[in-house]
Amino acid sequence: MIAEPPITSIVTTGDGSLTLRSTRYGETYRSDRGAVGEARQVFLEASGIGARLQAGLACRVLEIGFGVGTTALVTADVACSAGTALELVSIENDPVSVSQLGECQHGGWIEHSPLLENLIQQWPTEPVSRVMLKLSESPAIQVELRFEDVCHVALPTDHFDAVYLDGFSHACNPEPWSVPVLARLRDALVPGGSLVTYSSRGQLQRDLRGVGFDVERLIGPAGKRETLRARRAG
Ligand SMILES: C[S@@+](CC[C@H](N)C(=O)[O-])C[C@H]1O[C@@H](n2cnc3c(N)ncnc32)[C@H](O)[C@@H]1O
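Residues numbered from 1 in each chain as written. Predicted model: local features only at pLDDT ≥ 70, side-chain atom pairs only at ≥ 80, totals over all residues. Heavy atoms only, no water.

## Quick notes on the site of the ligand
The immediate surroundings of the ligand are formed by 22 residues, with Gly65, Thr71, Glu92, Asp149 and Asp166 found nearest. Between the ligand and Gly67 there is a distance of 3.4 Å, counted from an oxygen atom to a backbone nitrogen or oxygen. Between Asn93 and the ligand, the recorded distance is 3.3 Å, taken from a backbone N or O atom to a nitrogen atom. Contact with the protein chains removes 99% of the 610 Å² of surface that the ligand exposes when unbound. Residue classes in the shell around the ligand are distributed as 7 nonpolar, 8 polar and 7 charged. (Near = heavy atom within 4 Å. Polar contact = N/O pair within 3.5 Å; in protein donor to acceptor, adjacent residues only side chain to side chain. Areas by Shrake-Rupley, 256 points an atom, 1.4 Å probe, with all protein chains shown as cover. Nonpolar A, V, L, I, M, F, W, Y, C, P; charged D, E, K, R; others polar.)

In structure tokens, the structure reads:
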């Protein structure tokens, strides 16, 4: 069995959706002001992936931090509704257990609840380094989980249309925000592709510019003044 991260509590967030609090990091997996709302606004909409999927344009997304799957599920849900191809690769070095995954009850927040049922059914119970999930009947929806540290994972270059950068906060989880990781995430994007994140730290903005992104600040969801969208410049 995969050891469960030490998560003590389920949290009802501001929009009624649920997330978990990690006692290891002292933070919730998604915003306590609205977990599903944050996933939609900060990642799906700000990256342009939601609009692209709805317009029938196939998308490739890289997520750093699968967590309890909120953001991945809302993304796959839009791809299913639109009938558009989606390749989503998510990197996670400390996966939750299948029971922790089920506690968030995301099935009630998406149009295609079998996505969650299939995720739960196919969630590995033994340690594996990666798993390809069949969350939908459509072969065009591909979700790959890679149980690795983002600092060491091998990534393709010029491949993804968007990166969802979604570690816990820099104060308790600095690794996903480090300059070498940002540089590799830039290379993993196609030119013009977007990295989006809920953080708007000044140092992060400087580091993103330093590795070759054009950075924009966006209006944040409830409880967050600003978030970031960084486009790969060239
Ligand atoms: C804010 S949560 C992600 C929430 C998730 N996207 C969701 O929608 O539920 C941060 C996640 O990043 C993962 N993480 C932290 N450091 C990591 C690293 N170095 N490599 C891969 N994953 C990491 C944590 O285990 C946690 O699941």
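## A closer look at the side chain of His159
As for its placement among the helices and strands, His159 is situated in the loop between strand S7 (141–146) and strand S8 (160–165). Here Glu87 takes part through its side chain, which lies 2.9 Å from a polar atom of the side chain of His159. (Helix = DSSP H or I, 4+ residues; strand = E, 2+ residues; numbered from the N terminus.)

## Topic: unusual backbone geometry
In terms of backbone geometry, most residues other than glycine have negative phi values and most peptide bonds are trans. Not every positive phi belongs to a glycine, and Gln105 is a case in point at roughly 50°. Note on placement: Gln105 falls in the loop between helix H4 (98–103) and helix H5 (114–122). The residue Asp158 is not glycine, and still its phi comes out positive at about 50°. By the secondary structure assignment, Asp158 is in the loop between S7 and S8. Take Asp158: its relative accessible area is 45%, and that puts it in the partly exposed class. (Buried < 20%, exposed > 50% of the residue type's maximum accessible area, 1.4 Å probe, protein only.)

## Things to note about the sheet that holds strand S11 (residues 226–232)
Judged by pairing direction, the sheet is mixed, and its 8 strands sit side by side in the order S6-S7-S5-S4-S8-S9-S11-S10 without closing on themselves. Looking at which strands have only one partner, the edges of the open sheet turn out to be strand S6 (130–133) and strand S10 (213–219). When the angles between neighbouring strand axes are averaged without regard to direction, this sheet yields 15°. Strand direction decides the pairing type here: strand S9 (residues 189–197) and S11, joined by 4 bridges, are antiparallel. Its bridge partner lying in S11, Ser194 is registered against Arg231. Where helix H7 (residues 202–210) meets the sheet, it contacts S9, S10 and S11, and its direction lies at approximately 150° from that of S10. (Pairing = 2+ DSSP bridges. Axes fitted to C-alpha atoms, helices over the stretch in contact; angles between N-to-C directions. Contact = heavy atoms within 4.5 Å.)

## Quick notes on the packing of helix H1 (residues 35–45) against helix H3 (residues 70–82)
It is at 9 Å that the axes of H1 and H3 come closest, and there the two elements cross at 65°. By the angle between their directions, the pair H1 and H3 is classed as roughly perpendicular. Between H1 and H3 the crossing geometry is right-handed. On H3, the residues touching Ala35, Val36, Ala39, Arg40, Phe43 and Leu44 of H1 are Thr70, Thr71, Val74, Thr75 and Val78. For the contact of H1 with H3, the per-class residue count stands at 7 nonpolar, 3 polar and 1 charged. (Parallel < 35°, antiparallel > 145°, perpendicular 65-115°, else oblique. Left-handed = near helix turned anticlockwise from the far one by under 90°.)

## Here we look at the packing of aromatic side chains
One pass over the full model with this rule turns up 6 aromatic pairs. Note on Trp123 and Phe147: the rings are 5.8 Å apart at their centroids and 85° apart in plane angle, and the pair reads as edge-to-face. Placement of the pair is Trp123 in the loop between H5 and S6 and Phe147 in the loop between S7 and S8, with a sequence separation of 24 residues. On the basis of relative accessible area, Trp123 is assigned to the buried category, the value being 4%. Counting every residue linked through ring pairs, the aromatic cluster contains Tyr25, Tyr29 and Phe168. (Phe/Tyr/Trp six-rings, centres within 6.5 Å; stacked < 30°, edge-to-face > 60°.)

Any functional reading would require information beyond the geometric quantities listed.
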